[in-house]
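# Summary of the model geometry
This is what each chain is made of:
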Amino acid sequence: MSLVLPTYDDVARAAVTLKGVAHRTPVMTSDTADRLTGAKLFFKCENLQRMGAFKFRGGYNAIANLSPEQRRAGVLTYSSGNHAQAIALAGRLLGVATTIIMPHDAPVAKKAATEGYGATVVSYDRYQEDREDVARALQQKTGMVIIPPYDHLHVIAGQGTAAKELLEDVGELDYLLVCLGGGGLLAGSALSAAVLSPKCKVYGVEPEAGNDGQQSFRKGEVVRIEPPRSIADGALTLYLGKLTFGVIQQKVTDILTVTDTQLVDTMKFFGERMKIIVEPTGCLAAAAVMHGALAVPPGARVGVILSGGNVDLKSYASFITQA
Ligand SMILES: *Cc1c(COP(=O)(O)O)cnc(C)c1O
């Protein structure tokens, strides 16, 4: 069976669906960051998106594209947090009931926020069970529609609208850095860059401990890894999707990795210098350019997507005060 990969037209349609619903988030710059890297950095602040991450874009776009019967059946998903909140909020806005399958060790703030948006939460053990199996079993019992966190055409298209806005706002870029979990944000961003800034090199950035994307990209097939341990809890996926990998293979230049220590340093930079809270996963792309995983020529125009800001304050305090 041949896969139908999403295209830029899908991103453009998602942008219409999201107009007036998702925030058009600001693009921030920092003289200090530019001085440190020798480049001109443009930070797309999806930490300031509704529910605190870009995932609102894909979640809303996916539910908005369901048929009336599907909406009546309700939506089911699995997530380590932000996709869950996105589906929960989008479901509430669109009047669709939502159920979320979440790891037992998901951050407290994410679980509470998801329930706060009115979703039903079901827990599973991420070291013992496969979340997709848990979801399928529940779907068979209830008839709900599964909207997965990344391997879904309308999710990818929605995520691509952040890079579309960035490129519309600042013009063409030489590089675009995007954090990588299952690849929805990276695939969508690459679709936008290919049309709006064709010469732009697009890089994905993963935690070093969970570099399944880098391994897959280099091997030319999806590689599965054991559950990684990293503070980048939004990028602990074990494998890329079929659709996301298809787009990434065609449109992405390479995949880089950064360490947890570099993520903490980057998180501190955002708090101290730019006065914004960015969650560990949200620091992946910035850490790559600020800590040398990607060396860029002087004056290069570099887009950096800050993917989210959902970190509970206790964890945030312990991250930024650790030596
Ligand atoms: C989900 C998420 C990611 C990873 O996105 P994918 O589309 O799965 O690659 C990165 N950062 C944050 C904050 C997220 O919530």
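Residues numbered from 1 in each chain as written. Predicted model: local features only at pLDDT ≥ 70, side-chain atom pairs only at ≥ 80, totals over all residues. Heavy atoms only, no water.

We now examine the side chain of Thr98. Of note, Thr98 is situated in strand β4 (residues 98-103). Residues contacting Thr98, with those up to four places away along its chain left out, are Val75, Ile87, Ala88, Gly91, Ala119 and Thr120. (Helix = DSSP H or I, 4+ residues; strand = E, 2+ residues; numbered from the N terminus. Contact = heavy atoms within 4.5 Å.)

Take the environment of Pro228 next. Relative to the helices and strands, Pro228 resides in the loop between α10 (212-219) and α11 (242-251). Taking the relative accessible area as the measure of exposure, Pro228 reaches 5% and is therefore buried. Considering only alpha carbons, one finds Pro228 and Glu208, 20 residues apart in sequence, at a separation of 9.3 Å. If near-sequence neighbours (up to four positions away) are discounted, Pro228 is found in contact with Arg126, Ala209, Gly210, Leu236 and Leu238. (Buried < 20%, exposed > 50% of the residue type's maximum accessible area, 1.4 Å probe, protein only.)

This brings us to the site of the ligand. Taken together, the neighbourhood of the ligand is formed by 15 residues, with Lys55, Asn82, Gly181, Gly183 and Ser307 sitting nearest. A distance of 2.8 Å separates an oxygen atom of the ligand from a polar atom in the backbone of Gly181. Isolated, the ligand exposes 380 Å² of accessible area, and the fraction of that covered by the protein chains is 97%. (Near = heavy atom within 4 Å. Polar contact = N/O pair within 3.5 Å; in protein donor to acceptor, adjacent residues only side chain to side chain. Areas by Shrake-Rupley, 256 points an atom, 1.4 Å probe, with all protein chains shown as cover.)

Between helix α1 (residues 8-18) and helix α8 (residues 153-170), the shortest axis-to-axis distance is 8 Å and the interhelical angle comes to 80 degrees. Here α1 is positioned roughly perpendicular relative to α8, judged by the angle of their axes. Where α1 abuts α8, its residues Tyr8, Asp10, Val11, Ala12, Ala14, Ala15 and Leu18 lie against Leu153, Ala157, Gly158, Gly160, Thr161 and Lys164. When the residues that make up the contact of α1 with α8 are grouped by side-chain class, the tally is eight nonpolar, three polar and two charged. (Axes fitted to C-alpha atoms, helices over the stretch in contact; angles between N-to-C directions. Parallel < 35°, antiparallel > 145°, perpendicular 65-115°, else oblique. Nonpolar A, V, L, I, M, F, W, Y, C, P; charged D, E, K, R; others polar.)

Below, the discussion takes up the pairing of strand β5 (residues 120-124). As paired elements, β4 and β5 share five bridges and run parallel to each other. Bridge pairing links Ile101 to Val122 in β5. Once the chain exits β4 it traverses helix α6 (residues 108-116) before rejoining the sheet at β5, and the crossover so formed is right-handed. (Pairing = 2+ DSSP bridges. Right-handed = clockwise from strand over helix to strand, strands pointing away.)

Let us now look at the packing of aromatic side chains. Tallied over the full model, the rule gives four aromatic pairs. The interplanar angle of 90 degrees and the centroid separation of 5.4 Å between the aromatic rings of Phe43 and Phe270 together place this pair among those described as edge-to-face. Of this pair, Phe43 sits in strand β2 (residues 40-45) while Phe270 sits in helix α12 (residues 260-272); the two residues are 227 residues apart in sequence, bridging distant segments of the chain. Residue classification places Phe43 among the buried residues on the basis of a relative accessible area of 0%. Note on Phe270: relative accessible area 0%, which makes it buried. The ring of Tyr239 has Arg224 lying over it, and the distance from NZ or CZ to the ring centre is 3.8 Å. (Phe/Tyr/Trp six-rings, centres within 6.5 Å; stacked < 30°, edge-to-face > 60°. Lys NZ or Arg CZ within 6 Å of the ring centre and 35° of its normal.)

Functional significance is not addressed by these values, which are geometric in nature.
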